[in-house]
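# Architecture at a glance
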Amino acid sequence: MLISILKVITHSDPKVFAPMNRAVATSALSHQSVEVRECAVRAYEYWEDPTLFIDLQMRPLQPDWLEEYKQLVISEGTGGA
């Protein structure tokens, strides 16, 4: 159910559901399911808003591949900074 909700907000204009979309995605970064955490990172990637990346930067993610994906999203979203 949570993955479905994340998919809806991921593919919607982030301003339409703000600030609830950010709250849901941020909470999902701590979920026990790796699929839910991955979907949350994907939401930030699709939103393409570097001002929201603070949510990602403040949370280390497991497994390692998900942390690498998160870092890639942040790097690409900030122009490699």
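This text goes with the structure placed above it.
Attention in this report is confined to the structure presented alongside it. From a predicted model like this one, the values you see are computed outputs, not experimental measurements. (Residues numbered from 1 in each chain as written. Predicted model: local features only at pLDDT ≥ 70, side-chain atom pairs only at ≥ 80, totals over all residues. Heavy atoms only, no water.)

To continue, consider the packing of aromatic side chains. Per the stated rule, a full pass over the model turns up one aromatic pair. With centroids separated by 5.3 Å and ring planes inclined at 70°, the aromatic side chains of Tyr44 and Trp47 adopt a geometry described as edge-to-face. Of this pair, Tyr44 and Trp47 both sit in helix α3 (residues 34–47), three residues apart, which is roughly one turn of the helix. Residues Tyr44 and Trp47 agree in their burial class; the two are buried. (Phe/Tyr/Trp six-rings, centres within 6.5 Å; stacked < 30°, edge-to-face > 60°. Helix = DSSP H or I, 4+ residues; strand = E, 2+ residues; numbered from the N terminus. Buried < 20%, exposed > 50% of the residue type's maximum accessible area, 1.4 Å probe, protein only.)

Moving on to the side chain of Thr26. With respect to the helices and strands, Thr26 occurs in helix α2 (residues 20–28). At 3.3 Å, the side chain of Thr26 and the side chain of Asp55 are in polar contact. Not counting the four nearest positions on each side in its chain, Thr26 is found in contact with Tyr44, Asp55 and Arg59. (Polar contact = N/O pair within 3.5 Å; in protein donor to acceptor, adjacent residues only side chain to side chain. Contact = heavy atoms within 4.5 Å.)

Moving on, we get to the nonpolar core. Of all hydrophobic cores here, the largest spans 20 residues; its most connected members are Leu6, Leu29, Val41, Tyr44, Trp47 and Leu56. Secondary-structure elements contributing two or more residues to this core are α1 (2–10), α2, α3, α4 (53–57) and α5 (64–77). A total of seven residues in this core trace back to one element, the largest contributor, which is α3. With sequence-adjacent residues up to four places away left out, Leu29 is seen in contact with Arg37, Ala40, Val41, Tyr44, Asp55, Leu56, Arg59 and Leu61. (Core = buried A, V, L, I, M, F, W, Y, C linked by side-chain atoms within 4.5 Å.)

Side chains that are three or four residues apart share a direction in an α-helix, a result of its 3.6 residues per turn. For α5, spanning 14 residues, the distance from its first C-alpha to its last is 20 Å, which sits close to the expected 20 Å at 1.5 Å a residue. Every buried residue of α5 is listed here: Leu66, Glu67, Tyr69, Lys70, Val73 and Ile74. Buried residues in α5, looked at end-on, bunch into an arc of 160°, giving them a common side. Pointing more than 90 degrees away from the buried face of α5 are the exposed residues Asp64, Glu68 and Glu76. (Expected span 1.5 Å × (residues − 1). Arc of directions from axis to C-beta.)

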